[in-house]
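# Chain and residue survey
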Amino acid sequence: MARKRTLFLTQLSTFLRKYKLLFVGLWLTLVIVLNEQILLAGNPRWEQTAQNLNQQGVVQLYQGQPSVALKSWQSAYHAYKQSNNKQGMTGSLINQSLAFKALGSYDSACQVLIQALELEPLICPSPPPNKSKSYSLDRLNQLLQTQPAQSIQIVGLYNLGNVLRLLGEIDASSAVLQKALSIKAVSPNSYIFHQLLLSIASTEFSFYKRAKNQFLLIDEPVAKQKAFNLTQSKIKSALATYKKLTKVQDETALQASIYQLNLLIEVKTWNNSSFSSLYSNEDIFALIKNILHQFDTYKNISTIDYIFLRLNLVHNLTNLFQLDAFKTAQISPNYDLLTIILSKSQEALIQSYKLNNHRAISSTLGILGNVYKTINQLTQAQKHYEQAVASAQSIQAWDIAYEWQWRLGQLYQQLGRLDKSKKAYAAAISSLDQARRSILGYNPDFQFAFQEKIEPIYHEYTDILLSLQQPDLEKVIRNQEKLKLVELENFLQCGQLPLVSLLDSKIPNLPPVIYLIKTKNHLAIIVRDSQGNLHEHRVPFTLIDSSITNLINYSQKTQFVKTQNPDFLSYCQTLYQLMFVPIKTYLPDSGTLIFILDRYLQNLPLNMLHDGQNYIIASYSISTDLSSYFSLTKPLPFQESKILVAGIYEESPSLNDPNVPKNFKPLPEIKAEIEKIKLTANSATELLNDKFTMSTFQNKFTNNSLEIIHLSTHAQFSSDPNQNFILAWDRPLNINDIESILKKRYSGIDLLVLSACQTAKGDKRSALGIAGIATQAGARSTVASLWLVDAESTSILMGAFYEGLKNGLTKAEALRSAQLTLMSTKKYAHPFFWAAFVLIGNWI
């Protein structure tokens, strides 16, 4: 019996993950072998037909024709069904998953594998735009225990683990692959055992990528360090497995060597000294030599494998070549790095054209563009990028097109062709929009490399737009809106959010909107005045950076309440003079202002800007948001709104949760706060202390329409999604809990009030967590605080806030009125007591 082999690669670099002909490993003769074993089990005619169809599908997939192969395997499935051959049906479904993966239809691949393994469909996450998390790991592990110890189950689990990794569900991927490895039918010396280890190592590499993304995005020190520690752990475990597999006697050795090289270059280009002990330059040279030797050793690789193995190598070597220490490196007496890069690229390109595979052609041309740009042959780089874009667009491969359009934009800018650069960036963002709306929204590149591969495109486009002599300010705003929305979607790991831009709103008498956008060197301040006209002012960021940082740091320190005004007031006045005075001519003397904040300004207490006599709140009500996309439905009058008030003022079991900060203590003042709210409302339901559990909270939404949710309990917000929670009596409720509880309603909540909340210590971007909670709750407006404030003063403020709503004020006006109430008293005049409170979202 012929040894079982892989059709395609099981794992490539993160860079190549987006090319959908990857990750589709399966034993070539699996279904054929099964046919040999069970040929006489049913109708011989149907069995022979099925066997022929399976062999035909294998050849078609090898030739790069996944759609045709899929039809062959679907026909094979029906032939087996006619013969009542269950194992044959299972094998055909597994084969179909290969074709679906090659087509980029990961959700379909997942579903047919679930059918083959007789697992529950909900294990596969729902597709974009309504992406949700997969089944709980506990439930998945329970189901995996029921899998029979058969060879075909191992293959199915192996493929399911790979496709779950492609869907970004790496925890589930790891559980499935470990289960496959534990089945006793797997021999430790077998090819499938090696492939399983390779996939497990690749999943560890994906864990590393996710942890690195969290490290780059999180601002809270403890969580940031935890994420970094995880990157180190996962890198080491993946590296150990790759090294082990480079010594086996089959094609797995070549794959493992390339993945090991990818991993080492990844950590080297990150340039973090903590990883320096993992490699030396000599180790990298030796590994490259070994890979070149292995290419000569394993010659019976499929054509498509041939292409992408070489592309992976070229991509890695191009990244390496960009480092000064490697530009003149001699790998051997006959080969330097550049010679290898160009020769392997050309080999891959020739084979791609032979297959007429446009994804492979586009990938190869784009990588060649990178190579030529690296060696400063810009005309050649431009030609290859343009051809790469055209090839990707010809098959609507937006996930490939966006990267080459981005690179073209950078190249045109380098050449001084700003108009072409602008068009290329706009095209890249349009392609990203197309990709995010499709199944490619699953792509781990989009999820785990946001700051490296997605966010820079928007920032660079903004810089291009603002560098023009007459910048199109509306385009700048719309680009910034898209970035903020994508950032929030990435933070929540969700599908596209159904919100409306303020630029498109038809609301009469819209208040002025002020966009604060950090560019490469400036803070751009764009004002949309009450008539809809746009105005711009720029401040060199070096003039205000220290004032922004110092004001945020001061306000979030526990001793802020004891800090005298002169110690922080100079920062408030500097920011007022530089940010506000130059745009004041476009604003009314009083009223409501809407501020849209860039990530660097998210926790800035704007109501503390000071003109030398008064804080800005003396004249203006302020609403803030991270994006100018809003849910603009007009709310019910306050007296017609149904309110749920939930709170805890006694010692609760959730305070003992290890994830809850030790400074969270019972707040007896909450009792008075809740009583004040009930006095202002016509219809208020309460859940207090041990009545406020997750289950009782959820039950309140089953048959009730609630417009206002007021939570008087401890909560914490952070740029780390895992540190966002609201304390119920029995346990903390995280973002996913909030979504499952509150979004199962026919309409959104008008107002979510989070009293007694705080931001994670040292986190300058924790407002992202507030926005995340609000979005998962479906809330149009949210009131929360940027630091943990005094319970007694909060009770007064909340009472005054609801009294303002009762008297017909808008939310922004009611919050300002309540803050002025505190300021008017000597005891609570310090900004510590009132400036923490922010309104995020709809101001009406």
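First things first, this report covers the structure right here in the doc. (Residues numbered from 1 in each chain as written. Predicted model: local features only at pLDDT ≥ 70, side-chain atom pairs only at ≥ 80, totals over all residues. Heavy atoms only, no water.)

## Some thoughts on the nonpolar core
L516, F697 and F801 are the most contacted members of the largest nonpolar core, which totals 143 residues. Counting 127 residues, the second-largest nonpolar core is a separate cluster that includes A109, A116, L197 and A381. (Core = buried A, V, L, I, M, F, W, Y, C linked by side-chain atoms within 4.5 Å. Buried < 20%, exposed > 50% of the residue type's maximum accessible area, 1.4 Å probe, protein only.)

## Description of the packing of aromatic side chains
In total, this model carries 23 aromatic pairs according to the counting rule given. For the pair W270 and F275, a centre-to-centre distance of 5.5 Å together with 35° between the ring planes defines the contact as tilted. With a relative accessible area of 16%, W270 lands in the buried category. A relative accessible area of 1% places F275 in the buried class. Between F560 and F832 the ring centres are 6.5 Å apart and the planes differ by 70°, which places this aromatic pair in the edge-to-face class. One end of the pair, F560, is in the loop between α22 (541-556) and α23 (565-580); the other, F832, is in helix α30 (residues 831-834), and 272 residues separate them in sequence. Comparing F560 with F832 shows no difference in burial state: the two are buried. Linked through ring pairs, F205, Y208, F215, F228, W270 and F275 together constitute an aromatic cluster. (Phe/Tyr/Trp six-rings, centres within 6.5 Å; stacked < 30°, edge-to-face > 60°. Helix = DSSP H or I, 4+ residues; strand = E, 2+ residues; numbered from the N terminus.)

## Here we look at the packing of helix α15 (residues 358-374) against helix α17 (residues 398-414)
Across the interface, α15 lies against α17 with an axial gap of 10 Å and an inter-helix angle of 25°. Relative to α17, α15 is oriented roughly parallel. With respect to the hand of their crossing, α15 and α17 are arranged in left-handed fashion. Side by side, α15 and α17 meet where R359, S362, S363, G366, I367, N370 and K373 of the first sit next to D399, I400, W404, R407, Q410, L411 and Q414 of the second. Residue composition of the contact of α15 with α17, by class: 4 nonpolar, 6 polar and 4 charged. (Axes fitted to C-alpha atoms, helices over the stretch in contact; angles between N-to-C directions. Parallel < 35°, antiparallel > 145°, perpendicular 65-115°, else oblique. Left-handed = near helix turned anticlockwise from the far one by under 90°. Contact = heavy atoms within 4.5 Å. Nonpolar A, V, L, I, M, F, W, Y, C, P; charged D, E, K, R; others polar.)

## Some words on the pattern of salt bridges
For the structure on display, the rule yields 27 salt bridges. With a shortest N-O distance of 3.9 Å, R780 and D750 are connected by a salt bridge. Of the two residues, R780 sits in strand β16 (residues 779-785) while D750 sits in strand β15 (residues 749-759), which places them 30 residues apart along the sequence. In terms of burial, R780 and D750 fall into one category: buried. K827 is the partner of E792 in a salt bridge, and the nearest nitrogen-oxygen pair spans 3.2 Å. With E792 in helix α28 (residues 791-806) and K827 in the loop between α29 (811-823) and α30, this pair connects stretches of sequence that are 35 residues apart. K827 sits in the exposed class, given a relative accessible area of 56%. (Salt bridge = Lys/Arg side-chain N within 4 Å of Asp/Glu carboxyl O.)

## A short note on the packing of helix α7 (residues 151-166) against helix α8 (residues 170-182)
As a packed pair, α7 and α8 sit with axes 8 Å apart at the nearest point and diverge in direction by 165°. In terms of orientation, α7 lies roughly antiparallel with respect to α8. Crossing of α7 over α8 shows left-handed handedness. Touching I154, L157, Y158, L160, G161, L164 and R165 of α7 are I170, A172, S173, V176, L177, K179 and A180, all from α8. Of the residues in the contact of α7 with α8, the class split is 10 nonpolar, 2 polar and 2 charged.

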